[in-house]
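Topology and contacts: notes
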Amino acid sequence: MAMSMKALRVNANLTQDDMARILGISRDTYQQIESGKVDPKPLYIHAFCHVVGCELDDISLPERSTN
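This write-up is about the structure you can find in this document.

Scoring rules and cut-offs
Residues numbered from 1 in each chain as written. Predicted model: local features only at pLDDT ≥ 70, side-chain atom pairs only at ≥ 80, totals over all residues. Heavy atoms only, no water. Buried < 20%, exposed > 50% of the residue type's maximum accessible area, 1.4 Å probe, protein only. Helix = DSSP H or I, 4+ residues; strand = E, 2+ residues; numbered from the N terminus. Arc of directions from axis to C-beta. Contact = heavy atoms within 4.5 Å. Axes fitted to C-alpha atoms, helices over the stretch in contact; angles between N-to-C directions. Parallel < 35°, antiparallel > 145°, perpendicular 65-115°, else oblique. Left-handed = near helix turned anticlockwise from the far one by under 90°. Nonpolar A, V, L, I, M, F, W, Y, C, P; charged D, E, K, R; others polar. Salt bridge = Lys/Arg side-chain N within 4 Å of Asp/Glu carboxyl O.

1. Observations regarding helix α4 (residues 42-52)
Turning to α4, its buried residues are Y44, I45, F48, C49 and V52. Viewed end-on, α4 has its buried residues packed into an arc of 135 degrees, placing them on one side of the element. Residues P42, L43 and H50 are exposed on α4 and point more than 90 degrees away from its buried face. Among the structural elements, α1 (5-11), α2 (16-23), α3 (27-35) and β2 (59-60) are those in contact with the buried residues of α4. Just downstream of α4, G53 is the residue with a positive phi angle, here 75 degrees.

2. Let's talk about the packing of α2 against α4
Running from N to C, α2 and α4 cross one another at 120 degrees; their axes reach a closest spacing of 10 Å. It follows from the interaxial angle that α2 and α4 lie oblique. Crossing handedness for the pair α2 and α4: right-handed. Along the contact surface, α2 presents M19, I22 and L23, while α4 presents Y44, A47, F48, V51 and V52. Grouping the constituent residues of the contact of α2 with α4 by class yields 8 nonpolar, no polar and no charged.

3. Structural notes on the pattern of salt bridges
Summed over all chains, the structure comprises 3 salt bridges. With a shortest N-O distance of 2.8 Å, R9 and E34 are connected by a salt bridge. Here E34 lies in helix α3 and R9 lies in helix α1, a separation of 25 residues in the sequence. By the burial criterion, R9 is buried, and E34 matches it.

Written out as structure tokens, the structure is:
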């Protein structure tokens, strides 16, 4: 069953600040990715999976927000 990036991150006991630092991006950029305002680069998704210990199919990416 696919889970949201937020759920996977929280289950890994990481904050948005932690994940942004690990990925080498700003917290604002990470927040936008997690909320669906920005499409993540494939590199970030692969790194995210490595950090939280999941497969690509385990992630339910948010729908792109128009707000």
